[in-house]
Every structure is written in C-alpha cells, then in structure tokens.
Amino acid sequence: MNRTRVTRGLAVALLLTGGMSGLSGATPVGTIPSALAASTVTFAPQATYAVGSHPVDVAIGDFNGDGHPDLAVTNYYGNTVSVLLGKGDGTFGAQTTYAVGSHPEGVAIGDFNGDGHPDLAVTNYYGSTVSVLLGKGDGTFGAQTTYAVGSSPIGVAIGDFNGDGHPDLAVTNSGSGTVSVLLSTSNPTAAPVSRFMVSHTAHGLLFHWRLASASGIVGFTLLAHGQRVTSHLIPVHANQVYRVTVRTSLAGPYSLQVLFSSGRTATVHPLGPR
C-alpha cells in the first residue's frame with residue numbers, strides 16, 4: 001500500500017553563529033538580532049548532504065555536546081534515522097544511520113533518561129509504534145526500543161504532562177483519529193542534574209552543578225548529612241550552570257535535593273569529594 005508523501009519536516013537554528021548555547025534536546029529556533037532583522041534576508045546557494053531514502057522530518061539538537069547544532073532526519077523508505085554532526089561553520093559530516101521501525105515519519109528530541117544527553121523519539125507509520133533511541137553524549141545512539149501507539153502515527157511531541165519531572169510523549173495517529181500519550185515510567189528518583197560538585201573555598205562551600213532539563217523543577221535544597229543548609233526557589237533553565245556559595249558549620253557528606261512541581265524530590269550526590 002502506497003500513499004502520497006508530503007515532505008513536512010522543518011527545523012530552524014542559527015547554524016553559523018548562533019551555536020547551541022543553552023539548548024539540549026528540544027529543537028531550537030534561532031533569534032535574529034534586531035540589527036540584522038532590518039536587513040534584506042538572503043541565503044547562499046544550497047549545500048546538500050546525503051541521507052536515507054525519502055527523507056521526511058528533521059530535528060536539531062547538540063548530540064555530542066560540542067555546542068554545534070546537529071541534525072536528525074527520518075528516512076521513510078529506508079526505515080532509518082540519519083544523524084549528521086555539525087562542524088559549527090554551517091557544514092555537516094557524513095550521516096550515521098540507525099534502524100527504527102517501518103516507514104518512520106516524525107522525529108523529536110528529548111532527554112528521556114535524565115543523563116543530560118539528547119535522545120530521539122521517532123514515529124513509525126506502518127509499524128504503529130514510536131521508537132526511542134538513547135543518546136550516548138558523543139553523537140551516537142543506542143539501539144531502538146519501540147512502544148505501541150495508534151494506527152499510522154505521524155507527529156511526535158515531548159512535554160512533562162504529569163509534573164513528575166520526566167519528559168512524556170504525545171503521538172498523533174492519522175489512521176485512528178487519535179492522539180496517544182505515553183507517560184514516562186523512568187526511575188522516579190532520577191534528577192536531570194550533571195557535574196554536581198562541592199569544593200571548599202575561602203568564602204565557604206561552593207556548590208556547583210549543571211541542569212540538563214528544567215522540566216517540572218521549581219527549586220533546590222543544599223544538604224549536609226541530610227540537614228538543610230540552604231534552599232533556593234530560583235528561575236530554572238535547562239543547560240544552566242549553577243554556583244552557590246554558603247557558609248556553614250555542618251560537615252559533609254553534602255548533597256543536592258531537587259524539588260519538582262509535583263512535590264517529588266530527588267537527591268543527587270557530588271562527583272568529587274563529599
């Protein structure tokens with residue numbers, strides 16, 4: 001059975017100068033500075049890169065953590081997703097392909113296991129499934145895990161639908177006139193925090209951490225031997241590095257407690273000395 005195909009995928013990023021600062025997982029949309037916005041918009045001639053058979057959708061993320069936008073492309077007749085790593089100058093390396101389900105359509109990027117690395121979710125039109133491929137942080141991905149959805153799925157989107165701090169999936173099913181919602185059942189104690197470290201300075205204890213995903217997070221509490229040192233209900237942003245210096249007589253071990261909007265908390269221990 002064949003059906004008329006319409007290439008519908010479009011994603012935008014500042015490929016030359018905007019970089020990927022502050023972005024992880026979600027498809028970024030570049031903001032043009034006002035000084036440039038007033039100028040006439042022109043583009044250089046196209047540069048093309050080989051992908052799979054009948055590419056349909058495209059998403060942008062930083063898959064290897066070098067700050068440069070990379071591409072993920074679904075190949076409808078190839079039953080694969082192509083990953084092309086960006087070089088930061090507007091060019092891309094050769095594709096690496098990963099097997100997904102039958103006739104992949106949509107692709108979205110999120111951090112599904114809270115390790116700070118972008119993962120892929122791909123809808124499979126004839127498979128009536130969505131494939132999840134976990135990123136390794138070096139630009140490569142593991143083998144797919146598939147989840148059943150409705151008939152002939154096309155679009156996929158990511159959001160925290162139940163406020164537990166984990167990204168969930170929404171999939172449109174063109175064959176059944178439905179939308180499937182898949183709630184994450186990932187480890188409920190996990191927190192999207194990486195590089196948490198504690199060090200002694202002349203001004204006190206320096207707590208330092210990076211937040212990979214801000215989904216559902218409303219604040220932090222710093223702990224010493226399980227006792228509260230200080231709490232912060234502060235603006236939370238993905239990919240932001242936090243540095244908090246406090247004076248305390250409490251001895252370690254130290255830890256960081258993450259507070260979610262659902263009321264759930266997750267505790268993270270430092271990488272270095274505690």
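Owing to the predicted nature of the structure, the values given are computational and were not obtained by experimental measurement. (Residues numbered from 1 in each chain as written. Predicted model: local features only at pLDDT ≥ 70, side-chain atom pairs only at ≥ 80, totals over all residues. Heavy atoms only, no water.)

Draft legend 1. Quick look at the overall build of the protein. The helix and strand tally for the protein stands at 1 helix and 18 strands. Per-residue burial for the protein yields a buried fraction of 42% across its 274 residues. Surface accessibility of the protein: about 13500 Å² in total, with carbon and sulfur atoms responsible for 56%. (Helix = DSSP H or I, 4+ residues; strand = E, 2+ residues; numbered from the N terminus. Buried < 20%, exposed > 50% of the residue type's maximum accessible area, 1.4 Å probe, protein only. Areas by Shrake-Rupley, 256 points an atom, 1.4 Å probe, with all protein chains shown as cover.)

Draft legend 2. Expanded view of the pairing of strand β13 (residues 204-211). In terms of burial, β13 is largely enclosed, as 6 of its 8 residues are buried. With 7 bridges connecting them, β13 and strand β16 (residues 240-246) associate as antiparallel partners. Along β16, the bridge assignment pairs H208 with R243. (Pairing = 2+ DSSP bridges.)

Draft legend 3. A look at a nonpolar patch on the surface. On the surface, a cluster of nonpolar side chains totalling about 380 Å² of accessible area is made up of F161, V179, V181 and L183. Take L183: it is sitting in the loop between β11 (178-182) and β12 (193-201). The class of L183 is partly exposed, set by a relative accessible area of 47%. (Patch = residues over 30% accessible without salt bridge, like charges linked within 9 Å, V, L, I, M, F, W, Y side chains within 5 Å. Salt bridge = Lys/Arg side-chain N within 4 Å of Asp/Glu carboxyl O.)

Draft legend 4. How the structure looks around the sheet that holds β11. One open sheet accounts for 3 strands, arranged β9-β10-β11; its pairing is antiparallel. Edge positions in the sheet fall to β9 (153-159) and β11, since each of these pairs with one other strand and no more. Each neighbouring strand pair of the sheet contributes to a mean axis angle of 20°, computed without reference to strand direction. Sheet topology note: the β9/strand β10 (residues 168-173) ladder contains 5 bridges and is antiparallel. The residue of β10 that forms the bridge with G159 is D168. (Axes fitted to C-alpha atoms, helices over the stretch in contact; angles between N-to-C directions.)

Draft legend 5. Fine view of the environment of A121. By the element assignment, A121 lies in strand β6 (residues 119-124). Residues A121 and G110 lie 11 residues apart in sequence; the distance between their C-alpha atoms is 7.8 Å. Excluding anything up to four places from it in sequence, A121 contacts G106, V107, A108, F112, V130, S131, V156 and L169. (Contact = heavy atoms within 4.5 Å.)

Draft legend 6. Focus on the environment of Y147. In this structure, Y147 sits in strand β8 (residues 145-148). You can call Y147 partly exposed: its relative accessible area is 40%. Each C-alpha atom of the pair Y147 and S128 lies 8.6 Å from the other, and the pair is 19 residues apart in sequence. Excluding residues that lie within four positions of it along the chain, Y147 makes contacts with S128, T129, V130, V132 and L182.

Draft legend 7. Broad picture of the nonpolar core. Residues V193, F196, F207, W209, F220 and L222 are the most contacted members of the largest nonpolar core, which totals 21 residues. Broken down by secondary-structure element, the contributors of at least two residues to this core are β12, β13, β14 (217-224), β16, β17 (254-260) and β18 (265-268). Ranked by size, the runner-up nonpolar core spans 13 residues in total, among them A72, V81, L120 and V122. (Core = buried A, V, L, I, M, F, W, Y, C linked by side-chain atoms within 4.5 Å.)

Draft legend 8. Local environment of the environment of H54. With respect to the helices and strands, H54 occurs in the loop between α1 (34-37) and β1 (55-61). Residue class for H54 comes out partly exposed when judged on its relative accessible area of 29%. It is 5.8 Å that separates the C-alpha atoms of H54 and Y77, two residues lying 23 residues apart in sequence.

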